[in-house]
Amino acid sequence: MPFSLLSPPAPPPIISPTISSFSSNRFLVQKRFTRTIAKANSEDDDGKPAFNPFGFVTDNPSSRSAIQLPESPAEDGNVGQMLYRIEDKGKEYGSYIKSGGFRWFVRETGSPESRRGTIVFLHGAPTQSYSYRVVMSQMADAGFHCFAPDWIGFGFSDKPQAGYGFDYTEKEFHEVFDKLLDTLGVTSPFFLVVQGFLVGSYGLTWALKNQSKISKLAILNTPLTVSSPLPGLFQQLRIPFLGEFTCQNAVMAERFIEAGSAYVLKLEKADVYRLPYLSSSGPGFALLEAAKKANFKDMNSQISAGFASGSWDKPILVAWGISDKYLPQSVAEEFQKGNTDVIKLKLIEGAGHMPQEDWPEKVVDALRVFF
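Not measured: the values here are computed from a predicted model. Residue positions are given per chain, counted from 1 along the sequence in the order it is written. Thresholds applied to this predicted model are a pLDDT of at least 70 for local features of residues and 80 or more for the giving and counting of side-chain atom pairs; totals over whole chains, interfaces and linings are not thresholded and use all residues. Derived side-chain values reflect all non-hydrogen atoms in the structure, with water molecules and hydrogen atoms excluded from consideration.

Draft legend 1. Molecular detail of the overall build of the protein chain. Across its full length, the protein chain carries 14 helices and eight strands. Type-normalised accessible area, obtained with a 1.4 Å probe on protein chains alone, sets the label of each residue: buried when under 20%, exposed when over 50%, and partly exposed for intermediate values. The proportion of buried residues among the 371 residues of the protein chain is 52%. Put simply, of all contacts in the protein chain between residues at least 6 apart along the chain, 76% involve residues at least 24 apart. To be clear on the numbers: accessible area is Shrake-Rupley with a 1.4 Å probe, and residue cover counts the displayed protein chains and nothing else. Total accessible area on the protein chain is roughly 16,700 Å²; 53% of this is exposed by carbon and sulfur atoms. By the criteria applied, helices consist of DSSP H or I runs no shorter than four residues and strands consist of E runs no shorter than two, each listed in order from the N terminus. Contact between two residues is taken to exist if any of their heavy atoms lie within 4.5 Å; hydrogens are not considered.

Okay, structure coming up:
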């Protein structure tokens, strides 16, 4: 039809809204993330399961439905309302402490006069010291003085931007931990408990360099051998663009915990693990930087060789949740064989990757006997 001045102008094209940045509507991000997972879990044209780049949140059957969000975000309120609902949760036994130019969040139970000594609990990525709340409370009742810090970049501690005083390298994590121990007045030797990936492994490499400061070492599910698998989350964080997207998933920590366990977290617990990642982009980018800077193979090699017979002579307890979906029981058994004189293996039935969260009472029983 020829153009006419009397013809009405064509309507403007409809442009679909897009996410301009990670800091925009998080609920829209999560809904798209959920749909991506649903699509990834479908079958391809050959009837085979399609590749799922977010498999770390769906490997465990108990977590497959837990990531869903309502179609109408108003059902749960907006981000501000969620933060108001949970902002005061999860800080049991904790306070803020300035050390080495950073503000740490440190949980403390017991007192310096506790008759049985001091225990320092170190968490792994992408979680926080909240996981030790029950264990450290009961260990204080048993006569111990307990500290559990959130590593820099995690939980409620400072999350400096990389390049501005902290670059999330192994060396820097060791240095700030040394300063924190001085600030807390922890005297050597003390008891050390370590669990988890990345910063958990840094706790073990710190121990290797400071054997004289440690009385006894307890290890909960942590990579201990060169054969230790690396979960998909940390592989994804090291992939350009995918890493930037993955690190801003507000439910990443809770889904990581559930995927490594046989249990689904109760809402009040999931809220606490979610809170740092929901509050700002800082924790996600801190995790991203730490994962990119880490040499996982080298760490595992250091740990395997460093705690072997002839290199380490302090007593070690390996308390292992046998339902761990990330690290098989064979990792703990292989590690024990490297130094049978000092390493004792305690298997914890019913517990997964984080025994201190899944079954804290059994962890307390093991620690009380060992310490």
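The structure having been displayed, the exposition proceeds.
Draft legend 2. Looking closely at the nonpolar core. Only buried residues count toward a nonpolar core. Its members are Ala, Val, Leu, Ile, Met, Phe, Trp, Tyr and Cys residues joined through side-chain atoms within 4.5 Å. Counting 71 residues, the largest nonpolar core has Leu192, Leu198, Leu217 and Phe234 as the members making the most contacts within it. The element contributing the most residues to this core is helix α4 (residues 170-184), with six residues. Dropping the residues within four chain positions of it, Leu192 is found in contact with Val120, Leu122, Gly203, Trp206, Ala207, Ile214, Lys216, Leu217, Ala218 and Phe371.

Draft legend 3. A look at the packing of aromatic side chains. Stacked, edge-to-face and tilted labels apply to pairs of Phe, Tyr and Trp rings (six-membered ring for Trp) whose centres lie within 6.5 Å, assigned for plane angles under 30 degrees, over 60, and everything in between, in that order. Tallying each qualifying case throughout the model produces 25 aromatic pairs. With a centroid separation of 5.0 Å and an interplanar angle of 45°, the aromatic rings of Phe121 and Tyr132 are classed as tilted. Here Tyr132 lies in the loop between β3 (118-122) and α3 (133-141) and Phe121 lies in strand β3, a separation of 11 residues in the sequence. Neither Phe121 nor Tyr132 differs from the other in exposure class; each is buried. The rings of Phe102, Trp151, Phe166, Tyr168, Phe173, Phe177, Phe190, Tyr202 and Trp206 are connected pair by pair, giving a single aromatic cluster. Placement of a charge over a ring requires the Lys NZ or Arg CZ to be within 6 Å of the ring centre, with the centre-to-atom vector within 35 degrees of the ring normal. Between Lys91 and the ring centre of Phe156, over which it is positioned, the NZ or CZ distance is 4.9 Å. Looking at Lys216, its charged tip hangs above the ring of Phe370, at a distance of 5.2 Å from the centre.

Draft legend 4. Region of interest: the environment of Ile322. Examined against the element boundaries, Ile322 turns out to sit in the loop between β7 (316-321) and α12 (329-337). Here Ile322 falls in the partly exposed class, since its relative accessible area comes to 33%. With 31 residues separating them along the chain, Ile322 and His353 place their C-alpha atoms 8.1 Å apart. Not counting chain neighbours up to four residues away, the residues in contact with Ile322 comprise Gln329, Leu347, Ile348, Glu349 and Ala351.

Draft legend 5. Layout of the side chain of Asp324. By the element assignment, Asp324 lies in the loop between β7 and α12. There is no salt bridge for the buried Asp324, and the closest opposite charge comes from Lys325, which lies 7.6 Å off by N-O distance. N or O atoms within 3.5 Å of each other form a polar contact, as long as, within protein, one can give a hydrogen and the other can take it, and as long as residues adjacent in sequence are counted only when both atoms are side-chain atoms. A polar atom in the side chain of Asp324 sits 2.7 Å from the backbone nitrogen of Tyr326. A distance of 3.1 Å separates the side chain of Asp324 from the backbone nitrogen of Leu327, its partner in a polar contact. Once you skip the residues sitting within four places of it in the chain, Asp324 turns out to touch Asn221, Gly260, Ala351, Gly352 and His353. We score Asp and Glu as negative and Lys and Arg as positive, and we do not count His or the chain ends. Whenever Lys or Arg places a side-chain nitrogen within 4 Å of a carboxyl oxygen from Asp or Glu, that contact is recorded as a salt bridge.

Draft legend 6. Looking closely at the packing of helix α5 (residues 199-209) against helix α11 (residues 296-306). Between N-to-C directions, angles cover 0 to 180 degrees, with each direction set by a line fitted to C-alpha atoms, over the stretch in contact for helices. Direction vectors running N to C along α5 and α11 enclose 45°, while the axes themselves pass 10 Å from each other. Judged on the interaxial angle alone, α11 and α5 are oblique. Crossing of α5 over α11 shows left-handed handedness. Residues Ser201, Tyr202, Leu204, Thr205 and Leu208 of α5 pack against Met299, Gln302, Ile303 and Gly306 of α11. By definition in this entry, angles of less than 35 degrees are roughly parallel, angles greater than 145 are roughly antiparallel, angles of 65 to 115 are roughly perpendicular, and the rest are oblique. Here a crossing is called left-handed whenever its near helix is offset anticlockwise from the far helix by less than a right angle, and right-handed whenever the offset is clockwise.

Draft legend 7. Molecular detail of the pairing of strand β4 (residues 145-149). Taken across its five residues, β4 has five buried, putting it largely inside the fold. Both faces of β4 are covered, namely the face carrying His145, Phe147 and Pro149 and the face carrying Cys146 and Ala148. DSSP bridges decide pairing: two strands pair if at least two such bridges lie between them. As judged from the three bridges shared by β3 and β4, these two strands associate in the parallel manner. Pairing of Thr118 across the sheet is with His145, part of β4.

Draft legend 8. Quick look at the confidence of the model for the protein chain. Per-residue confidence for the protein chain averages 84 on the pLDDT scale, and 76% of its residues sit at or above 70. Predicted confidence for residues 14-45 stays below pLDDT 50, and this span has 59 contacts to residues more than four positions away or in other chains. pLDDT gives the predictor's per-residue confidence on a scale running from 0 to 100.

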